[in-house]
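Topology and contacts: notes
Here are the chains, one letter per residue:
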There are 2 protein chains.
Amino acid sequence: MTLPRPIAPHLPDGLDTPTLVIDLDVVEQNAQRLARAIAEGGLNLRPHVKTHKSIALTRIQLEHGASGITVGTLGEAEVMAAAGINDIFVAYPVWASSAKAPRLRALAERAGLTFAVGLDSREAAQQLARAMVGSHAHLRVVVEVDSNYGRTGTNAATAGELAKHAKDLGLEVVGAFTHGGHGYHDPEARDAAAADEIESLTVAAASLRAEGIEPQVLSAGSSPTATFSARPPVTEIRAGTYLIGDRQQVALGASPPDGVAIAVAATVVSDAALNQFVIDAGAKSLTKDAPPYIPGFGCIPEFQDAVIERVSDYHGQVHYDEGSTVPTLGQVVAVVPNHACPVIDLYDSFLATRSGQVVGRWTVDARGRSS
Amino acid sequence: MTLPRPIAPHLPDGLDTPTLVIDLDVVEQNAQRLARAIAEGGLNLRPHVKTHKSIALTRIQLEHGASGITVGTLGEAEVMAAAGINDIFVAYPVWASSAKAPRLRALAERAGLTFAVGLDSREAAQQLARAMVGSHAHLRVVVEVDSNYGRTGTNAATAGELAKHAKDLGLEVVGAFTHGGHGYHDPEARDAAAADEIESLTVAAASLRAEGIEPQVLSAGSSPTATFSARPPVTEIRAGTYLIGDRQQVALGASPPDGVAIAVAATVVSDAALNQFVIDAGAKSLTKDAPPYIPGFGCIPEFQDAVIERVSDYHGQVHYDEGSTVPTLGQVVAVVPNHACPVIDLYDSFLATRSGQVVGRWTVDARGRSS
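Residues numbered from 1 in each chain as written. Chains lettered and ligands numbered in written order. Predicted model: local features only at pLDDT ≥ 70, side-chain atom pairs only at ≥ 80, totals over all residues. Heavy atoms only, no water.

**Structural notes on the sheet that holds strand E7 (residues 172-177) of chain A**
Residues and elements named next belong to chain A. Selection criterion: What makes two strands pair is DSSP finding at least two bridges between them. Under the scheme used here, helices are H or I runs from DSSP no shorter than 4 residues and strands are E runs no shorter than 2 residues, and both carry numbers assigned from the N terminus. By definition in these notes, contact holds between two residues if any of their heavy atoms fall within 4.5 Å. Here an angle of 0 to 180 degrees is reported between the N-to-C directions of two axes, which are lines fitted to C-alpha atoms, with helices fitted over the stretch in contact.
Pairing is parallel in the open sheet, where 8 strands are placed in the order E2-E9-E8-E7-E6-E5-E4-E3. Edge positions in the open sheet fall to strand E2 (44-45) and strand E3 (69-71), since each of these has one partner strand only. Of the pairings in the sheet, the one linking strand E4 (residues 87-93) to strand E5 (residues 114-119) comprises 5 bridges and is parallel in character. Within the sheet, the bridge partner assigned to Phe89 lies in E5 and is Ala116. Packing of helix H5 (residues 122-131) onto the sheet brings it into contact with E5 and strand E6 (140-144), and relative to E5 it is tilted by some 145°. Each of E5, E6 and E7 is contacted by helix H6 (residues 159-168), which is oriented at about 160° to E6, the strand it contacts most.

Structural data, given as C-alpha cells:
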C-alpha cells in the first residue's frame, strides 16, 4: 500500500543550511480547518503547543478560536504565561517535587491565568495538595484516564475515586482527559483510537458523577484522532501537530498532503558513495524519529524515490535506485521531517515564510523547556 | 551475550527533572586516559567537540594535551574560535554556498587561528576556492577518504588526484582524514573498522605522494576505534564521545562501565499501567537514538531489568518483569543515554558535578549550531 505523501512548502533562495522553515500560509489554513471542524461539533479546541513552542504561532491558534492552550511541562506553561496566554492546561501527571512545587504554585497563583494540571494517582494528588498548602489559590486538576494506549492515566471506571480523593485534599477537579496515542501506531488505527477516547471519557464522566463531581471538561485528543473524537460527551480536543503537519500526519491521513507547513532545508554535500547522496541534515536536524510505516528519517518530496536511510549527527545518507533523478552537489532540498514536535525543539528559531518568501525569523520560545 | 553495562554518575539531591548532569571527575579521567594512550603511540589527539559543544569541556581536553579540536559545522567552529581555541578542523565536506562562503572566509582569515576543512569532491574544492578569491589567507583542506563506511569520502586510491586538483585551485592540502563509523555497528566491529581506517589512510598517503603532496596529517577516528587506529601511518585521532561516555560506548567496550560521565535525571511520574512505570524523560530529553544491540532508549543502571521501551515527547515508558525491584512514584533515577552527542544537543546547559555535588551550571555553548 502506498501511503499519501507530503508536499513540501516552498523554500526561499540562498538559505544557510540546515535550517528550519515554517510556512505561515499553511499554518493559517491548518489553524482554520481544525478550528472550524471542532467548532461545528460544538466543542472547544485547546491546541497542544509543545509541537511548535512558539508564542507567535500560539497567538495564531488563539486568533482562530482556540479556547486556551495545552502544554506538556511547567516550563512551557511558564513561557506561555509570561507571554500573557491566560488559559493553560498541563496535560501531564505533574509530580510536585520540592523543585517543582514553587513553580507550580506560582502558576496557580498567577493573576488572570486559568491554570490546570493532570494527575493519575493518589500520590500525585497528595504531592500537588502539599505544594498548595497555605496558598490563597485553588489548583485545578484534570484526572487522566487511559484509553487503551497504556502510557499514563488511571482506569476510567475508577476515575471518580481518584477525583474524590483529590477533591478531599482541596484540589479543584474540573474533569477528565485522555490521549489515544495508539492512533499513531499505523494508518488504520485512528478510528479505533478515537472510539477508545470517547468510550473512556464516557466511563470516566459516569464515575466522576457517581462521586458527586460534575465534569466541566472531558478532553480528548491527538492530531490523528482529533476530528473523530469531536463528539459528545467529549467537550474539548487537544490536537497539536495539526497546525504544522509533518510526514507522519500525511501518511496517517490526518493532514492533507498540502497541509505540511514545515521543511528542513538541507544541502547536498557529498555524492562520493554509489547510489547515495549526503545532505547536511542529520540526527541533530531531523531527529531519529522513524515510524515503522514510513521508510527513512524524513522524506524529500522533490525526489520521491530517495530514502534518507541513515542519519548521523550532521549527515543524512540518502539512498536511491540506479537511474533515479537526484539532486546535484550543492543543491538545496526541502526535507519534510517525520515528526514535527521533536524536530522543532532542536531549533532556537525558524524562518517564517509565505509562498517561499521569508517574512521573519521567529523564536521557538519554549525550546528545551522539557522540565 | 550480555554486553557490559554502564554505571551512572551520582546524582545531586533535589533536582528539577528532567535535567542533564555531567560528572567532571569522570570527564577528567576520560580526558587523561585517552590522551595518554594516544600520546604513548606518538600521535596527536584532536577531540571532536560536537559531542559536548562546551567551551569549558573543550578546555579540559586541551589541558590534557589535545593538539587542537575537531568540529562538524562552521557554527561550532565560530563558537570555539570566539572562545580563543586556536586550532580547529571542520571534519566535514563543507559546501561553500553563498551563505557559508563569508563565514568560511572569516574563519580562514582569523588571526591566530589554524583552520582547516574537509572535502571529498572536485566540486566542493571549486566552491571552497571560489569563496577564498581575493583573500590574503590560504584555506587549509584535508581530503576525506572512505574506509568502507560508505558515508562520505572519496576513494583512497585516487585521493591524490583530488588533492592535486584542490592544490591547483590554490587550496593548501594538509593531508587526509577518514571515519570508520562502522565501528559502531556492533560490538565486534571495532577492530575491523580500525584496520579499515589505517588501510585507507595508508593508501591515501601513497596516492597524495604520487602527486607530489606530502601529507602532514593522516587523521582517523571515532571513539570505538580510537586506540586501535592509533599507530603509523596515522598521525592524529579525532575521538569525541570518549570524554563523556554513554551506554553505547560501554556496550561496544570502548568505555569502561565507570567511564560514563553523563546522566539524565528523571522522575517517576506514573505507575498506572501494569508492569510499567513512566519517567518524565522522553524523546525531547533522551532522543530516539537506539542502537540495535541495546534495548530501549537509554538505561537506568540502578534498575537493570527495566527497559525504556517507548518514548514520546515527555514520557519514557519503562517496562519491567513482574517481581522486579522498581522505583517508587516521585523517585528520581539516573538514566544513562544511549548516545551522548544528540542528547547533549537538546540542553542549553548542564549541571557540572563532582561525586554527586553540583559545582556549577555549564553552558552547551554551541547547542543547535548545526549549520
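After that view, the rundown keeps rolling.
**Digging into unusual backbone geometry**
The bulk of non-glycine residues show a negative phi, and the bulk of peptide bonds are trans. The peptide bond linking B:Thr17 to B:Pro18 adopts the cis configuration, its omega dihedral lying at -10°. Along the polypeptide, B:Pro18 turns up in the segment before strand E1 (19-23). Note that the residue after B:Pro232, namely B:Pro233, is joined by a cis bond; omega there is 5°. On the secondary structure map, B:Pro233 appears in the loop between helix H8 (226-229) and strand E9 (236-237). Phi at A:Asn148 is positive, roughly 70°, even though this residue is not glycine. Relative to the elements of secondary structure, A:Asn148 occurs in the loop between E6 and H6.

**Observations regarding the packing of helix H3 (residues 74-82) of chain A against helix H4 (residues 101-109) of chain A**
The geometry of a pair of packed helices is captured by two quantities: the angle between their axes and the separation between those axes. Residue and element names in this part refer to chain A. Short version of the rule: Crossings are sorted by hand: turned counterclockwise from the far helix by less than a right angle, the near helix makes the crossing left-handed, and turned clockwise it makes it right-handed.
Contact geometry of H3 with H4 gives a least axis separation of 11 Å together with a crossing angle of 35°. Pair H3 / H4 crosses with left-handed handedness. Only Arg103, Leu104 and Leu107 of H4 make contact with H3, whose side of the interface consists of Leu74, Gly75, Ala77, Glu78 and Ala81.

**Topic: the environment of A:Ala340**
Residues and elements named next belong to chain A. Counted only if it meets this: Accessibility here uses a 1.4 Å probe with only protein chains present; expressed as a share of the type maximum, an area under 20% marks a residue as buried, one over 50% as exposed, and anything in between as partly exposed.
Looking at the element boundaries, Ala340 is found in helix H11 (residues 340-344). When its relative accessible area of 0% is taken as the criterion, Ala340 is described as buried. Distance from Ala340 to Gln249, taken between C-alpha atoms, is 9.4 Å for residues 91 residues apart in sequence. Excluding residues within four positions of it along the chain, Ala340 makes contact with Thr51, Thr241, Ile244, Gly245, Asp246 and Ile262.

**Things to note about the nonpolar core**
Selection criterion: In this text, buried Ala, Val, Leu, Ile, Met, Phe, Trp, Tyr and Cys residues form a nonpolar core when linked through side-chain atoms within 4.5 Å.
Counting residues in each nonpolar core, the largest one holds 228 residues, and the members touching the most others are A:Phe115 and B:Phe115. Excluding its chain neighbours within four sequence positions, the residues that come into contact with A:Phe115 are A:Leu74, A:Ala77, A:Ile88, A:Val90, A:Leu104, A:Leu107, A:Ala108, A:Leu139 and A:Arg140.

**Concerning the confidence of the model for chain A**
Spelled out, the test is: What pLDDT expresses is the predictor's confidence in each residue, scored from 0 to 100.
Of all residues in chain A, 100% attain a pLDDT of 70 or more, and the chain-wide mean is 97. Overall fold confidence for the complex sits at a pTM of 0.98, while the interface term, ipTM, reaches 0.98.

**Structural notes on helix H1 (residues 24-40) of chain B**
Residue and element names in this part refer to chain B. Heads up, the rule is: Expected helix span is computed as 1.5 Å times (number of residues minus one). Here the arc refers to the set of directions running from the helix axis out to each C-beta atom. Between N or O atoms, a polar contact is any pair within 3.5 Å; within protein, one atom must be a potential hydrogen donor and the other a potential acceptor, and residues adjacent in sequence are included only when both atoms are from side chains.
With 17 residues, H1 extends 24 Å between its outermost C-alpha atoms, agreeing within 8% with the 24 Å of an ideal straight helix rising 1.5 Å per residue. If you check which residues of H1 are buried, you get Leu24, Val26, Val27, Asn30, Ala31, Leu34, Ala35 and Ile38. Summarising the axial view, the buried residues of H1 lie within an arc of 155°, below the 170-degree limit, and thus occupy one face. Opposite the buried face of H1, by more than 90 degrees, sit the exposed residues Arg36 and Glu40. Backbone nitrogen of Asp25 and a side-chain oxygen of the N-cap are separated by 2.8 Å at the start of H1; the cap is Asp23.

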